[in-house]
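Remarks on the overall topology
The primary structure of each chain is shown beneath.
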Amino acid sequence: MQPPTTGGTTPAEPVDAVPGKGGAGIAEQAGPAGHGAEAAGGAATAEGYKRGLGTRQIQMIAIGGTIGTGLFLGAGTAISQAGPSLIIWYAVAGAVLFLVMRALGELLTHRPVSGSFAEYAREFLGPFWGYATAWTYWIMWVTTGMAEITAAGQYVKYWFPGVEQWQTALVSLVVLLAVNMISVKAFGELEFWFALIKVVAIVAMILVGLAVLVVGFGDVGDTASVTHLWKDGGIAPHGVHDSLMTLQIVLFAYLGVELVGVTAGEAEDPQKNIPRAINSLPVRFGLFYIGTLIVILSVVSWAEFSPGVSPFVAAFAKIGIPAAAGIVNFIVLTSALSSCNAGGLYSTARMLRTASVNGHAPKALSRLTGRGVPAPALWVSAVVMGLGVLINALDPEHAFAYITSVSTGGAILVWSVILVTHLRYRRAVAAGAAEPSPYRLPGAPYTNVLALAFFAFVTVLIAWSADTRIALYVMGVWIVLLLLGWAVLRRGRTTTRA
């Protein structure tokens, strides 16, 4: 790793020669693409992007990023294993990820860029870490997008069993790509409505559950009670070990919380909107995850939930609400499309362009349209996700067991890089080599170390279980590929100079 120099940039590297000073980095390399975007009219950043995401959209993207299919579907398995203690682990994981986001928020207000944590890793840890972070985040969300777009096909079959799964996946991918190609504002508006559907669903579940508890509404009105949280076998009915083993499920239900950081380069007034979105995380975590679980597990005993069954479907069915399965199916469909839209297309395109601008991907991927859209990078991400649709059509069960495991290790790696980058940024500030940010992570560096220790603990849990250990094997292969790619880049640069 290389120490930062005055102005916050890293020294020139054979593969990452970044012109300029003062931490401009990616901004100064926008080149013709950046000028083209400005010529098209409207507010443009130095990177060439348009600041088309308003306060309303940033807030909803931040909210949507914290609510995934892990809550609507995956929580059923975790409840059956951990019982009411699952509430504790959601609170712990939420607190740790709030620290990660405060660290990222400090970096973002120091210098808002669309490359976000990949660009900060390049600036404060060195060129290799910028390259590794950008590509890891790209592959993490592309594979997640593959899984989500495939899941969308499964959800549509609930209503239209005659429609092939791959057909729905392909149509969904084409529509989402078309929206992203229009402008960042079009993307933000679509994501706003996706997030709103998820929020309305959760608030409705909480209100219905409270009605059951307070006035005895529904078929379980006589048995619903908050005593379900501790009387039906205890808080951790299967023991502490089995309860702890759900931590990885819990942690990755939060996957996507970092998406708000990728929007910084295209957000209106990021110095105000990004901190506002991050500061509201504890309230969102408390309402959407902890509040929902408290209500659901008070209305229906944890023992009545089954692995693989949505806790929302199970709770609505027990209460006696008709069409519960259909309602939740619509919600998880929008959740899957939201994940593919925001993570699979929007964020991967920005990361891929960052890699290109820094010399870590083909130069053509750095181009922007007149509307400030990274069209070539978007097309590459969409095509790769399209390959996932093809794989799903051929052999979904085995292929996706390995492909989606990249997301597991990738999230821990990216979140850890954010924390370490923040530590190096603080060191640069102390040395007078970088400007301090008005928005700070409380308790640093101790809170950084605490969060990193938590991620290390979860990694041990992943290695402990044979069911999840495959994620570490796949990440081992991915790290080897990253090192080989870096060696090829360095060799190519050396050969060019010679």
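Since this is a predicted model, take the numbers as computed values, not measurements.

How each quantity is defined
- Residues numbered from 1 in each chain as written.
- Predicted model: local features only at pLDDT ≥ 70, side-chain atom pairs only at ≥ 80, totals over all residues.
- Heavy atoms only, no water.
- Helix = DSSP H or I, 4+ residues; strand = E, 2+ residues; numbered from the N terminus.
- Buried < 20%, exposed > 50% of the residue type's maximum accessible area, 1.4 Å probe, protein only.
- Contact = heavy atoms within 4.5 Å.
- Areas by Shrake-Rupley, 256 points an atom, 1.4 Å probe, with all protein chains shown as cover.
- Salt bridge = Lys/Arg side-chain N within 4 Å of Asp/Glu carboxyl O.
- Phe/Tyr/Trp six-rings, centres within 6.5 Å; stacked < 30°, edge-to-face > 60°.
- Lys NZ or Arg CZ within 6 Å of the ring centre and 35° of its normal.
- pLDDT = per-residue confidence, 0-100.
- Axes fitted to C-alpha atoms, helices over the stretch in contact; angles between N-to-C directions.
- Parallel < 35°, antiparallel > 145°, perpendicular 65-115°, else oblique.
- Left-handed = near helix turned anticlockwise from the far one by under 90°.
- Expected span 1.5 Å × (residues − 1).
- Core = buried A, V, L, I, M, F, W, Y, C linked by side-chain atoms within 4.5 Å.
- Nonpolar A, V, L, I, M, F, W, Y, C, P; charged D, E, K, R; others polar.

**With respect to the overall build of the protein**
Helix and strand counts for the protein stand at 21 helices and 0 strands. The buried share of the protein, taken over its 498 residues, is 58%. Nonlocal contacts in the protein, meaning residues at least 24 apart in sequence, comprise 79% of its contacts between residues at least 6 apart. Here the protein displays about 18900 Å² of accessible surface, and carbon together with sulfur accounts for 68% of that area.

**Examining the pattern of salt bridges**
Per the stated rule, a full pass over the model turns up 5 salt bridges. Of the charged contacts, one joins E119 and R122 as a salt bridge, the two residues approaching to 2.9 Å between their closest N and O atoms. Of this pair, E119 and R122 both sit in helix α5 (residues 116-124), 3 residues apart, which is roughly one turn of that helix. R122 shares its class with E119; the two are buried.

**Considering the packing of aromatic side chains**
The geometry of an aromatic ring pair comes down to the distance between the two centres and the angle between the two planes. A complete count under the given rule lists 16 aromatic pairs for this structure. Centre to centre, the rings of Y90 and Y289 are 5.2 Å apart; their planes meet at 20°, and the pair counts as stacked. Of this pair, Y90 sits in helix α4 (residues 86-110) while Y289 sits in helix α14 (residues 281-299), placing them 199 residues apart in sequence. Judged by its relative accessible area of 0%, Y90 is buried. When its relative accessible area of 1% is taken as the criterion, Y289 is described as buried. Grouping aromatic residues by their ring pairs yields a cluster made of Y90, Y254, F285 and Y289. Positioned above the aromatic ring of Y439 is the side chain of R102, whose terminal nitrogen or guanidinium carbon lies 4.2 Å from the ring centre.

**So, the side chain of S347**
Here S347 shows up in helix α16 (residues 324-357). Not counting residues within four places of it along the chain, the set of residues in contact with S347 comprises Y137, W141, L259, V262 and A342.

**Considerations on the confidence of the model for the protein**
Atom-level detail of predicted coordinates should not be read off regions where pLDDT is low. Here the protein averages 82 in pLDDT, and 85% of its residues register 70 or above. Long-range and interchain partners of residues 1-42, a stretch whose pLDDT sits below 50, account for 101 contacts in this model, where long-range means more than four residues apart.

**Overview of the packing of α14 against helix α15 (residues 311-319)**
It is the contact of α14 with α15, at a shortest axis distance of 10 Å, that shows an interaxial angle of 40°. Compared by their axis directions, α14 and α15 come out oblique. For the pair α14 and α15, the sense of crossing is left-handed. Of the residues in α15, those touching α14 at T292, I296 and V299 are P311, F312, A315 and I319.

**Observations concerning α4**
In an α-helix there are 3.6 residues to a turn, and that puts residues three or four apart on one side. Here α4 contains 25 residues, and its C-alpha end-to-end distance of 36 Å stays within 8% of the 36 Å for a straight helix at 1.5 Å per residue. Across the 25 residues that make up α4, a large majority, 20, are buried.

**What to know about α16**
For α16, spanning 34 residues, the distance from its first C-alpha to its last is 48 Å, which sits close to the expected 50 Å at 1.5 Å a residue. Among the 34 residues that make up α16, 31 are buried, leaving the element largely enclosed by the rest of the structure. Where α16 terminates, the next one or two residues include G359, which has phi positive at roughly 85°.

**Examining the environment of M140**
In this structure, M140 sits in helix α6 (residues 127-156). For M140 and G410, which are 270 residues apart along the polypeptide, the C-alpha to C-alpha distance reads 5.7 Å.

**Remarks on the nonpolar core**
In this structure, Y90, W135, Y137, L251, W415 and F455 are the most contacted members of the largest nonpolar core, which totals 151 residues. Of all the elements, α6 adds the most residues to this core, at 16 residues.

**A closer look at the packing of α4 against helix α13 (residues 270-279)**
Between α4 and α13, whose axes approach to 10 Å, the crossing angle comes to 175°. Here α4 lies roughly antiparallel to α13, going by the angle between them. In contact with F98, M101, R102, G105, L108 and T109 of α4, α13 contributes Q271, I274, P275, I278 and N279. Residues that form the contact of α4 with α13 fall into these classes: 6 nonpolar, 4 polar and 1 charged.

**Here we look at the environment of V250**
For V250, the position within the fold is in helix α11 (residues 247-253). Owing to a relative accessible area of 0%, V250 belongs among the buried residues under this scheme. Residues V250 and Y289, 39 residues apart in the sequence, show an inter-C-alpha distance of 9.9 Å. Apart from residues no more than four positions distant in its own chain, V250 is found in contact with L86, W89, Y90 and A93.

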